[in-house]
Amino acid sequence: MDLLVIGGSRGIGLETVRAGLAAGHRMRAFARSAGKLSFQDPGFLAIEGDALDADAVAAAAEGADAVIQTLGLPVNRSTVFAPVDTVSRATAVTLRAMERARTRRLLAVTGFGAGRSREAMSALERLGHGAILGKIYEDKSRQERLIMDSALDWTVVRPVILTNRPARGRYQVLVEPKDWRNGLISRKDVAAFLIRAAGDPALIGKDPVLVG
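A brief structural summary.

Reading guide: rules and limits
- Residues numbered from 1 in each chain as written.
- Predicted model: local features only at pLDDT ≥ 70, side-chain atom pairs only at ≥ 80, totals over all residues.
- Heavy atoms only, no water.
- Helix = DSSP H or I, 4+ residues; strand = E, 2+ residues; numbered from the N terminus.
- Rg over C-alpha atoms; globule rule 2.2 N^0.38 Å.
- Contact = heavy atoms within 4.5 Å.
- Areas by Shrake-Rupley, 256 points an atom, 1.4 Å probe, with all protein chains shown as cover.
- Lys, Arg positive; Asp, Glu negative; His and termini not counted.
- Charge placed at Lys NZ, Arg CZ, Asp CG, Glu CD.
- Pairing = 2+ DSSP bridges.
- Axes fitted to C-alpha atoms, helices over the stretch in contact; angles between N-to-C directions.
- Buried < 20%, exposed > 50% of the residue type's maximum accessible area, 1.4 Å probe, protein only.
- Arc of directions from axis to C-beta.
- Polar contact = N/O pair within 3.5 Å; in protein donor to acceptor, adjacent residues only side chain to side chain.
- Right-handed = clockwise from strand over helix to strand, strands pointing away.

1. A closer look at the overall build of the protein chain
Move 1: Across its full length, the protein chain holds 6 helices and 10 strands.
Move 2: Over its C-alpha atoms the protein chain spans a radius of gyration of 16 Å, differing by no more than 12% from the 17 Å that the globule rule assigns to 212 residues.
Move 3: Overall size of the protein chain, expressed as C-alpha extent along the three principal axes, is 50 × 35 × 30 Å.
Move 4: Long-range contacts, defined as pairs at least 24 residues apart, comprise 69% of the intrachain contacts of the protein chain with a sequence gap of at least 6.
Move 5: When the accessible surface of the protein chain is split by element, carbon and sulfur atoms take 52% of a total near 10,000 Å².
Move 6: The centroid of the 30 positive side-chain charges in the protein chain is displaced by 5 Å from the centroid of its 23 negative side-chain charges.

Right under this line is the structure:
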């Protein structure tokens, strides 16, 4: 497959690029700092660009088999106390750009606590989560609604609390809301799932929670 990772220069996005290359896929990393990546692999392409630039995203998505969106925001004073809309705005751009590029498959990483998964949290979890990540996750919930209302072949992926531990390969893909729960999962395991899910039509229209 030929896969475009939006936000591919760090975090889950960077791990996804690594996992895809290791699996023999062609990987495109789209990010403002993509030029700093130095993978010595003929299947790798770094694309510098802004996720809010519709022309740049459409050009990057041209000919890709799937787009994997791994955008996130840092937790700081502005994202804790002030409304944010960066990720949902970038998602709206991505949806339009994919339509222009005629690329239908989209996988988007949000997080446990976004959208309808918030109801799976305990009252204590919702209290702490809302106090620190409330503004960020309000934006992630808007992001999910945009994706789910689109005509694309989408999968929304909600990892639980992220770690930098090595991949275990024993993560759980919880598709049914009754099974959703919090926990830990490594970024490497999330990346492995994204690469697998990109080629799995059974996950189209699903919004699983990932637990390590």
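2. Considerations on the sheet that holds strand 3 (residues 44–48)
Move 1: In spatial order, the strands read 3-2-1-4-5-6-10-8; together these 8 strands make up an open sheet with mixed pairing. The open sheet terminates on both sides in strands that have one partner only, identified here as strand 3 and strand 8 (172–174). Here the average twist between neighbouring strands, direction ignored, is 20°.
Move 2: Here strand 2 (residues 26–31) pairs with strand 3 via 5 bridges, running parallel. Across the sheet, the residue bridging to Ala31 is Glu48, located in strand 3.
Move 3: Running over the sheet, helix 2 (residues 54–61) touches strand 1 (2–6), strand 2, strand 3 and strand 4 (66–69) and is turned about 175° from strand 2.
Move 4: On the sheet, helix 6 (residues 187–198) packs against strand 1, strand 2, strand 4, strand 5 (105–109), strand 6 (153–159), strand 8 and strand 10 (209–211) and is oriented at approximately 165° with respect to strand 5.

3. Things to note about the side chain of Gln143
Move 1: Here Gln143 lies in helix 5 (residues 123–148).
Move 2: Ignoring any residue separated from it by four or fewer positions in sequence, one finds Gln143 in contact with Gln69, Val87, Ser88, Thr91, Ala108, Val109 and Thr110.

4. Comments concerning the environment of Val156
Move 1: Residue position: Val156 is located in strand 6.
Move 2: Residue Val156 is classed as buried on the basis of its relative accessible area of 0%.
Move 3: In sequence terms Val156 and Gly11 are 145 residues apart; their C-alpha atoms lie 17 Å from each other.

5. Observations concerning helix 2
Move 1: Along helix 2, the residues that are buried comprise Val57, Ala58, Ala60 and Ala61. An end-on view of helix 2 places all buried positions within 160° of arc, on one side of the element. Opposite the buried face of helix 2, at more than 90 degrees from it, the exposed residues are Asp55 and Ala59.
Move 2: Looking at the buried positions of helix 2, the neighbouring elements they touch are strand 1, strand 2, strand 3, strand 4 and helix 4 (86–101).
Move 3: Where helix 2 starts, the residue carrying a side-chain oxygen 3.1 Å from the main-chain nitrogen of Asp55 turns out to be Asp53.
Move 4: Gly63, located one to two residues past helix 2, shows a positive phi value of around 80°.

6. Re the pairing of strand 1
Move 1: With 5 of its 5 residues buried, strand 1 lies for the most part within the structure.
Move 2: Residues Asp2, Leu4 and Ile6 of strand 1 are buried on one face, and the alternating residues Leu3 and Val5, pointing to the opposite face, are buried as well.
Move 3: Here 5 bridges tie strand 1 to strand 2, and the two strands are oriented parallel to one another. When the bridges of strand 2 are listed, Val5 appears paired with Ala29.
Move 4: Crossover connection from strand 1 via helix 1 (residues 11–22) to parallel strand 2: handedness right-handed.
Move 5: Inspection of the sheet shows strand 1 paired to strand 4 by 4 bridges, in the parallel sense. The partner of Leu3 across the bridge, within strand 4, is Ala66.

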